[in-house]
Structure formats: structure tokens, C-alpha cells
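So the chains spell out like this:
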Amino acid sequence: MAAAMANAPQKGAPEDAQRHAVETSALAAADLAAAMPRLVLEARRIAMSVQHGLHGRRRSGTGENFWQYRRFVDGEPANRVDWRRSARDDHLYVREREWEASHTVWIWPDLSASMDYASRGQPPKRERALVVAFALAELLVKGGERVGIPELMRPSANRRIVERMAEAVVLAPRLPASLPPEFGPSPLSEIVLLSDFWSPAEEVSARLHMLAASGAHGHLVQIVDPAEETFPFSGRIEFREPEGGDRLTVGRAESWKADYDVKLADHRARLRAAAERLGWSFAIHRTDRPASEMLLALHQRMSVGGGPSAFPKDGGHAFVSGGPA
């Protein structure tokens, strides 16, 4: 087993396990490259399935790009009237420009070793993180936004954004680590972090504070396998820490469940509190739920702005705003 440690999954890479970590990373990169065409197609299909009915994130403001015409309102300055457009109708119209304050969205998928975990019949967490990242980028670019991956891809509004992101991941010198990189997003940027967040809560909190220091707003999506939620193990089980290679053999695994549930709830409460202190949102997505659910809720959350109220509850499976799923 990988990633479902009974003392609440924690990450690390002891010096005596560096070779194991390098070999694991190389194998993961090869598997990811082989799976990428399928993930790109899946992301496009999911994006198309939720696109209908979504409202764009563009708003009127002081930008240079044309957005839309709207009816002139009594009391507005007359110099705002677009006389050429108004001449074609019986009404006066104002030419609105696009609001440019939220043009860049940074999407970071955790592709570290623990994200390769999958219980029987479920997709690996790494694949789900990429599918959600690609599909979200597709929707955002169609809505007029620019999307980038920290350290891997500069923000772009290219219509083939999914292919560009996939290429950036495949050609990366190393897969993204357990925590998002230290980079300087602009105050008007938005950040989406897709990870299992099994790193120690204090490390996650410190990294979030660094990313939020400029004033950027963000969203945490914890992607978990159902086995990591329910701890269904019984009998003699060997647990393996995926990034450090440490192993733990348990004689009666079912006797660890109560302690595991307590530690999971505590870890998750710390993550949620760290996000709320910054005004960021927090959500949980299980891989046995459709990716489209997470995509739709995340896009809607981003469309209405930030806030720690985060996501609606959904039967304790896909999205939660309090307590363990």
C-alpha cells in the first residue's frame, strides 16, 4: 500500500532513500508521458460537459479589450455613448471594455510520488489532478483568462492550452514536488492548488502564506483516494511511505482505524484553518466521484470570488466545508 499511513500520511525523503526516490520519480514520469494523450482527451470531454450554463469570469472595467455593448443609463456622461452602434438602433449604447484585474490563473498539480496511489478500481490521484487542471484551464481560457503552471509554463491564453500544459509537464526536468514552488504571483493573480496535501500541516501553511504575501487569492483542492478517507484495511498489512520508502507492518490494521480517523480530521482541520486565515477556499475531492463535479464547483467558486466558505457539501464525498468527508 502507498500513501495511507495509519498515523496520518506524512511525507519525507531520508538521505538513505534518495536512490529509491529518484527511481520512483523516473518511473512515474514515464508512466505519465504514456498516459498523457488519454488525459488530454478526458479533460476536453469533461470541460465540454460542464461548459454549458457556465457564466464567464470577464467583467467590465478599465481594460483595452472590447467586452460587450449595453444600454445607456440616464445620468451617465454623454461621452460614454457609442454613437456608431447607437445609430443602428432606437436606443443608445455604451461600449464596455473587459476588466483586466483577474487575467492570470496559476494552476499547480501535485505530481509527487504519493499522488500515484490508487486503490482498486480508482484512478491515480495524479491523473485526477491533471484532468481537473487541464479541464479548468480549458474553461478559463475560453472565458478570456490566461493560465500558467508555476515553474513549468508561463501564463498563456492559447486556444490549445491543454496541449501546451501537457507538453510542459511531460518535458519538465522533474515532476512537481509535494508542495507548490516558491514564486511571486502578482496581487491580481489567482492560484489553484491540486494535491493530496499529506505534507505536515505547518509546512503547507507556511507555503500558503508565502504565496499569499503579494495579495494573490487561492483555492486548495485536496484530492484523496477513498481508501485514504475510510481506512478499509484489516488483517496484516504493510504500509509504505511512497516518497521516502519507509515501511510499517501492522498485524491487525483494523485496530488502527479510530486513531487514523482522529489524525485525519485534525490534519484536515489544520489545512482548512490555514486556508481560511488567508481568505482562501478549501475543498475535498475523492477520486471515486466524477471529475466534472469538482470542475463545476471550482469554476463557480472562482467566478463569484474568494472566501473561506468554499464549496457546498455533497453527501460527504466531493466537497466539504467542515469536518472530514
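Before reading on, note that the structure itself is shown above.
On a predicted model such as this, the values are computed, not experimentally measured, just so you know. (Residues numbered from 1 in each chain as written. Predicted model: local features only at pLDDT ≥ 70, side-chain atom pairs only at ≥ 80, totals over all residues. Heavy atoms only, no water.)

**Focus: the pairing of strand E10 (residues 281-286)**
Across the six residues that make up E10, a large majority, six, are buried. Side-chain alternation along E10 places Ser 281, Ala 283 and His 285 on one buried face and Phe 282, Ile 284 and Arg 286 on a second face that is also buried. Of the strand pairs in this sheet, strand E7 (residues 217-224) and E10 are connected by six bridges, and their pairing is parallel. Along E10, the bridge assignment pairs Leu 220 with Phe 282. (Buried < 20%, exposed > 50% of the residue type's maximum accessible area, 1.4 Å probe, protein only. Helix = DSSP H or I, 4+ residues; strand = E, 2+ residues; numbered from the N terminus. Pairing = 2+ DSSP bridges.)

**Notes on the environment of Ala 201**
Here Ala 201 is to be found in helix H5 (residues 201-212). Given the relative accessible area of 9%, Ala 201 is considered buried. Once the C-alpha coordinates of Ala 201 and Ala 269 are considered, the two residues, 68 residues apart in sequence, prove to be 9.3 Å apart. The contact partners of Ala 201, leaving out residues within four places of it in the chain, are His 267, Arg 270 and Leu 271. (Contact = heavy atoms within 4.5 Å.)

**What about the packing of aromatic side chains?**
For the structure on display, the rule yields five aromatic pairs. Between Phe 231 and Phe 233, the ring centres sit 5.0 Å apart and the planes meet at 85 degrees, which makes this aromatic pair edge-to-face. Taken as a pair, Phe 231 and Phe 233 share a single burial class, namely buried. Among the aromatic residues, those joined into a cluster by ring pairs are Phe 231, Phe 233, Phe 239 and Tyr 260. Taking NZ or CZ as reference, Arg 85 lies 4.2 Å from the ring centre of Tyr 93, over its face. (Phe/Tyr/Trp six-rings, centres within 6.5 Å; stacked < 30°, edge-to-face > 60°. Lys NZ or Arg CZ within 6 Å of the ring centre and 35° of its normal.)

**As for helix H8 (residues 291-303)**
Spanning 13 residues, H8 covers 18 Å between terminal C-alpha atoms, matching the ideal 18 Å at 1.5 Å per step. All of the buried residues in H8 are Ala 291, Met 294, Leu 295, Ala 297, Leu 298, His 299, Arg 301 and Met 302. (Expected span 1.5 Å × (residues − 1).)

**With respect to the pattern of salt bridges**
The full count for this structure, using the stated rule, is 16 salt bridges. Two residues, Glu 229 and Arg 268, come together in a salt bridge whose shortest N-O distance is 2.6 Å. A residue pair is termed long-range when its members are at least 10 positions apart, and Glu 229 in helix H6 (residues 226-230) and Arg 268 in helix H7 (residues 257-278) qualify at 39 residues. The same class applies to Glu 229 and to Arg 268, which are both buried. Salt bridges linked by common partners bring Arg 44, Glu 138, Lys 142, Arg 160 and Glu 163 together as one network. (Salt bridge = Lys/Arg side-chain N within 4 Å of Asp/Glu carboxyl O.)

**A word on the nonpolar core**
Membership of the largest hydrophobic core comes to 45 residues, with the highest contact counts inside it found for Ile 107, Phe 134, Met 165 and Leu 194. Among the secondary structure elements, those contributing two or more residues to this core are helix H1 (18-51), strand E3 (104-109), helix H3 (125-142), strand E4 (146-149), helix H4 (161-170), strand E6 (190-195), E7 and H8. If you tally residues by element for this core, the top one is H3, at 12 residues. Beyond its immediate chain neighbours, meaning those up to four positions away, Ile 107 contacts Ala 133, Leu 136, Ala 137, Leu 140, Val 147, Gly 148, Ile 149, Pro 150, Val 192 and Leu 194. Residues Trp 106, Ile 191, Ile 237 and Ala 253 belong to the second largest nonpolar core, which totals 31 residues. (Core = buried A, V, L, I, M, F, W, Y, C linked by side-chain atoms within 4.5 Å.)

**Overview of the packing of H5 against H7**
Two numbers describe how H5 lies on H7: the axes approach to 9 Å, and their chain directions differ by 15 degrees. Judged by the inter-axis angle, H5 sits roughly parallel to H7. The two elements H5 and H7 meet at a crossing, and its hand is right-handed. Between H5 and H7, the contacting residues are Ala 201, Val 204, Ser 205, Leu 208, His 209 and Ala 212 on the first element and His 267, Arg 270, Leu 271, Ala 274, Ala 275, Arg 277 and Leu 278 on the second. (Axes fitted to C-alpha atoms, helices over the stretch in contact; angles between N-to-C directions. Parallel < 35°, antiparallel > 145°, perpendicular 65-115°, else oblique. Left-handed = near helix turned anticlockwise from the far one by under 90°.)

**What about the sheet that holds strand E5 (residues 153-156)?**
Spatial ordering of the open sheet is given by E5-E4-E3-E6-E7-E10, a layout of six strands whose pairing is mixed. Two strands in the sheet have a free side with no partner beyond their single neighbour: E5 and E10. The average undirected angle you get between the axes of adjacent strands in this sheet is 20 degrees. The strands that H3 touches are E3, E4, E5, E6, E7 and E10; relative to E3, the one it contacts most, it runs at about 170 degrees.

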